[in-house]
Amino acid sequence: MSEPVRAFQTAFARWVGAESAFAFWKGRVAMYAILRALGVGAGDEVILPGYTCVMDVNPIKYLGARPIYADIEPVTFNVQREAIERAITPRTKVIIAQHTYGYPCQMDGLMDVAGRHGIAVIEDCCLALGSRFSGKLCGTFGRAAYWSFQWNKPFTTGIGGMATTSDRELAGKIEELCRQELRCPSSRATTMLAAQRLIYRLFIFPRTTSLATGLFRWLTRKGLVVGSSSMAEFQPVMAEGFFTGMGAGQARAGLRQMKRIERNLAHRRHMRGVYDTLLRQAGAPVPTLAAAMDPVLVRYPLRVADKARALAEAPSHRVELGSWFECPLHPIETPLEAYDYQPGLCPVAERAAAQVVNLPLHPRASARTARRTVEFLVKTGQIA
Ligand SMILES: Cc1ncc(COP(=O)(O)O)c(C=O)c1O
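Quantities reported herein were computed from a predicted structural model and do not represent experimental measurements. (Residues numbered from 1 in each chain as written. Predicted model: local features only at pLDDT ≥ 70, side-chain atom pairs only at ≥ 80, totals over all residues. Heavy atoms only, no water.)

1. Notes on the overall build of the protein
The cut-off we apply is this: Per the convention used, a helix needs a DSSP run of H or I reaching at least four residues, while a strand needs a run of E reaching at least two, with both numbered from the N terminus. For each residue, the accessible area found with a 1.4 Å probe, counting protein chains only, is set against the maximum for its type, and the residue is called buried under 20%, exposed over 50%, and partly exposed in between. We call two residues in contact when some of their heavy atoms are within 4.5 Å.
Tallying secondary structure elements over the protein gives 13 helices and 14 strands in all. With the C-alpha coordinates aligned to their principal axes, the bounding extent of the protein is approximately 55 × 45 × 40 Å. For the protein, the proportion of its 384 residues judged to be buried stands at 57%. Across the protein, the fraction of contacts at a sequence separation of at least 24, relative to all contacts at a separation of at least 6, is 75%.

See the structure below:
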């Protein structure tokens, strides 16, 4: 393992307050390592929200386990406790607590349900860097947590992921698994990713994001850039080279981001307040959260009148609107049946997928970005 990767692992573990951290090529690889180390295999069931990214389902399917989808509640888009209780069977091995958009799950209730049934909780913190529940950092409640550093995430190393845990036995198993099976990224992939990080730093801002995203997806399909997901990842069979570790360049980028982490989180908190105020003034409903919830949002989710039209019109207004989650297992191209999802299974999630866009509040977005974004939504009749 290279020195920057070791240093990034140490710095990240310290920041989270976990005993161990393991860096990977992507967040989904971190999730896979945790599931493998927990012994998840054929016949086991893993409960997760029916409002997620399909890349969160792949590791479950790769291991021959069954994803069981639980519906969400409509304000925080997090899994309903009652839906989890209904989904538990003697075969349930893991519950994934996904802190959607950065809103923390109700961890007290969730840990209570899991504890009564002896089920492991793994936290999906890919969208929730810095969020807290009852004053405690998300990522420190369950047996382990995983994090993503992909372009759209709270901070980016291009692509990248981390697993954290304070469970020594589990950490030992992850370490052993990595020692035996983890591959190094190819030098072609790490060089391309370094070039992409440079382009991102120089050219990607809220006004250019829509155009850049279209171009990036086209280049990904042509195999000309390191995409967040390859075409092979839209089927539930593990592709060659999936279990890959983090490269030194990604780790160095991660270490640079760690230096700015508190500024990043403070900016996100501030921007959430800016959106709350602007949206309230525009007459849109703003969520009232339980006192225990202290979110740091990755993007600001908002229901609009006509999602397809909003997404189609945003680029010509040079407004950055996000589309996730486009369907219960984002993105819209996902062959749902291959992932055991039948339409109608999670109606609240399906409604959210049809109505919700997300607004930028990352460090490159300012209060002016927020004003332009909300003005666009008002002007185009998206906010009732
Ligand atoms: C909620 C959630 N979990 C996990 C992942 C997987 O992260 P990565 O792209 O780093 O593999 C994603 C998205 O990509 C996600 O949105």
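Having seen it, we continue.
2. What to know about a nonpolar patch on the surface
Which entries qualify depends on this criterion: The patches described consist of residues with a relative accessible area above 30% and no salt bridge, like charges being joined within 9 Å and nonpolar side chains (Val, Leu, Ile, Met, Phe, Trp, Tyr) within 5 Å. For every accessible area listed, the method is Shrake-Rupley and the probe measures 1.4 Å; residues are considered covered only by the protein chains on display. Basic side-chain nitrogens of Lys or Arg form a salt bridge, by our definition, when they fall within 4 Å of a carboxyl oxygen of Asp or Glu.
A grouping of Leu198, Ile199, Leu202 and Phe203 is seen on the molecular surface, where their side chains present a nonpolar patch of about 410 Å² in accessible area. With respect to the element layout, Leu198 can be found in helix α7 (residues 187-203).

3. A few points about the sheet that holds strand β4 (residues 66-70)
The following threshold applies: The rule for pairing is simple: two strands pair if DSSP sees at least two bridges between them. A fitted line through C-alpha atoms serves as each axis, taken over the contacting stretch for helices, and the angle formed by two N-to-C directions is quoted from 0 to 180°.
Strand order in this open sheet of seven strands is β1-β10-β9-β6-β5-β2-β4, and the pairing throughout is mixed. The two strands at the open ends of the sheet, each matched to only one other strand, are β1 (20-24) and β4. Adjacent strand axes in the sheet meet at a mean angle of 25°, parallel and antiparallel pairs treated alike. Across five bridges, the pairing between strand β5 (residues 92-98) and strand β6 (residues 120-124) is parallel.

4. Digging into the site of the ligand
Put simply, the rule is: For each residue, the test is whether any non-hydrogen atom lies within 4 Å of the molecule or strand; if one does, the residue is near. Distance and chemistry together define a polar contact, namely a pair of N or O atoms within 3.5 Å, with one atom able to donate a hydrogen and the other to accept it when in protein, and with adjacent residues in sequence counting only for side-chain atoms on both sides. Residue classes follow a fixed rule: Ala, Val, Leu, Ile, Met, Phe, Trp, Tyr, Cys and Pro count as nonpolar, while Asp, Glu, Lys and Arg count as charged, and any other residue, Gly among them, counts as polar.
Every residue close to the ligand is listed here: Lys26, Gly27, Arg28, Cys53, Asp56, Gln98, Asp124, Cys126, Leu127, Ser148, Lys153 and Gly160. Within the side chain of Arg28, an N or O atom sits 2.6 Å from an oxygen atom of the ligand. In the environment of the ligand, an oxygen atom lies 3.2 Å from a nitrogen or oxygen atom belonging to the side chain of Lys153. A total of 380 Å² of accessible area belongs to the ligand in isolation, and the protein chains cover 95% of it. In terms of residue class, the shell around the ligand is made up of three nonpolar, four polar and five charged.

5. Remarks on the sheet that holds strand β7 (residues 132-133)
Read across the sheet, three strands follow the order β8-β7-β11 without closing on themselves; strand pairing throughout is antiparallel. Of all strands in the sheet, those bounded by a partner on one side alone are β8 (136-137) and β11 (293-294). Where β7 meets β8, two bridges bridge the pair, whose relative direction is antiparallel. Counted as the bridge partner of Arg132 is Leu137 from β8.

6. Digging into the side chain of Asp167
In this structure, Asp167 sits in the loop between β10 (161-165) and α6 (168-181). Of the polar contacts made by the side chain of Asp167, one reaches the side chain of Arg143; its length is 2.7 Å.

7. Concerning the nonpolar core
Filter applied, for reference: What we call a nonpolar core is a set of buried Ala, Val, Leu, Ile, Met, Phe, Trp, Tyr and Cys residues that are connected through their side-chain atoms within 4.5 Å. Reported domain spans reflect what an automatic or database domain assignment gives.
Ranked by internal contacts, the top residues of the largest apolar core, which has 101 residues, are Phe24 and Tyr51. Of the residues forming this core, the biggest block, eight residues, is contributed by helix α2 (residues 27-37). The two domains that each donate at least three residues to this core are domain 1 (3-181) and domain 2 (259-379). Core analysis: the next-biggest nonpolar cluster, separate from the first, contains 23 residues, Ala18, Cys125, Met258 and Val296 among them.

8. A word on the packing of α7 against helix α9 (residues 248-259)
Formally: The labels follow the angle: roughly parallel below 35 degrees, roughly antiparallel above 145, roughly perpendicular from 65 to 115, and oblique for the rest. What makes a crossing left-handed is the near helix being turned counterclockwise from the far one by less than a right angle; a clockwise turn instead makes it right-handed.
Where α7 meets α9, the axes come as close as 10 Å, and the angle between the chain directions of the two elements is 30°. When the interaxial angle is binned, α7 and α9 end up roughly parallel. As for how α7 packs across α9, the hand of that crossing is left-handed. Contacts from Leu193, Arg197 and Arg201 in α7 reach Gly249, Gln250, Ala253 and Arg256 in α9. Counted by class, the contact of α7 with α9 contains two nonpolar, two polar and three charged residues.

9. Examining the domain arrangement of the protein
Going by this rule: Note: buried area is the sum, over both parts, of the accessible area (probe 1.4 Å) each one loses when the two are combined.
What the domain assignment reports for the protein is domain 1 (3-181) and domain 2 (259-379). The C-alpha centroid of domain 2 is placed 22 Å from the C-alpha centroid of domain 1. With 39 residues of domain 1 at the contact, the number on the domain 2 side is 40 residues. For the domain 1 and domain 2 pair, buried surface summed over both sides reaches about 3300 Å², with 64% attributable to carbon and sulfur atoms. Ranking the residues of domain 1 by area buried against domain 2 places Tyr69, Tyr101 and Tyr103 at the top, with a combined share of 21%. Scanning the region where domain 1 abuts domain 2 turns up one salt bridge. Among the salt bridges present, the one from Lys61 reaches Asp340, with a minimum N-O distance of 2.9 Å. On the surface where domain 1 and domain 2 come into contact, there are 18 residue pairs in polar contact (both at pLDDT 80 or more).

10. A word on the environment of Glu262
In this structure, Glu262 sits in helix α10 (residues 261-281). Distance in space between the C-alpha atoms of Glu262 and Pro90 is 42 Å, their sequence separation being 172 residues. Among the polar contacts listed, one links the side chain of Glu262 to the side chain of Trp15, at a separation of 2.8 Å.

11. Re the side chain of Glu233
With respect to the helices and strands, the residue Glu233 is situated in the loop between α8 (209-221) and α9. The exposure class of Glu233 is buried, given its relative accessible area of 5%. Not counting the four nearest positions on each side in its chain, Glu233 is found in contact with Lys26, Arg28, Met55, Asn58, Tyr62, Ser228, Phe242 and Tyr339.

12. Details of the environment of Arg280
Within the secondary structure, Arg280 is located in helix α10. Separated by 134 residues in the primary sequence, Arg280 and Tyr146 have C-alpha atoms spaced 34 Å apart.

13. Notes on a positive patch on the surface
Worth spelling out the cut-off: Think of it this way: Lys and Arg go in the positive column, Asp and Glu in the negative one, and His and the chain ends go nowhere. A charge is said to be at NZ when it belongs to Lys, at CZ for Arg, at CG for Asp and at CD for Glu.
Where like charges cluster on the molecular surface, the positive patch consists of Arg201, Arg252, Arg256, Lys259, Arg260 and Arg263. Looking at where Arg256 falls in the secondary structure, it is placed in helix α9. A relative accessible area of 38% means that Arg256 is categorised as partly exposed.

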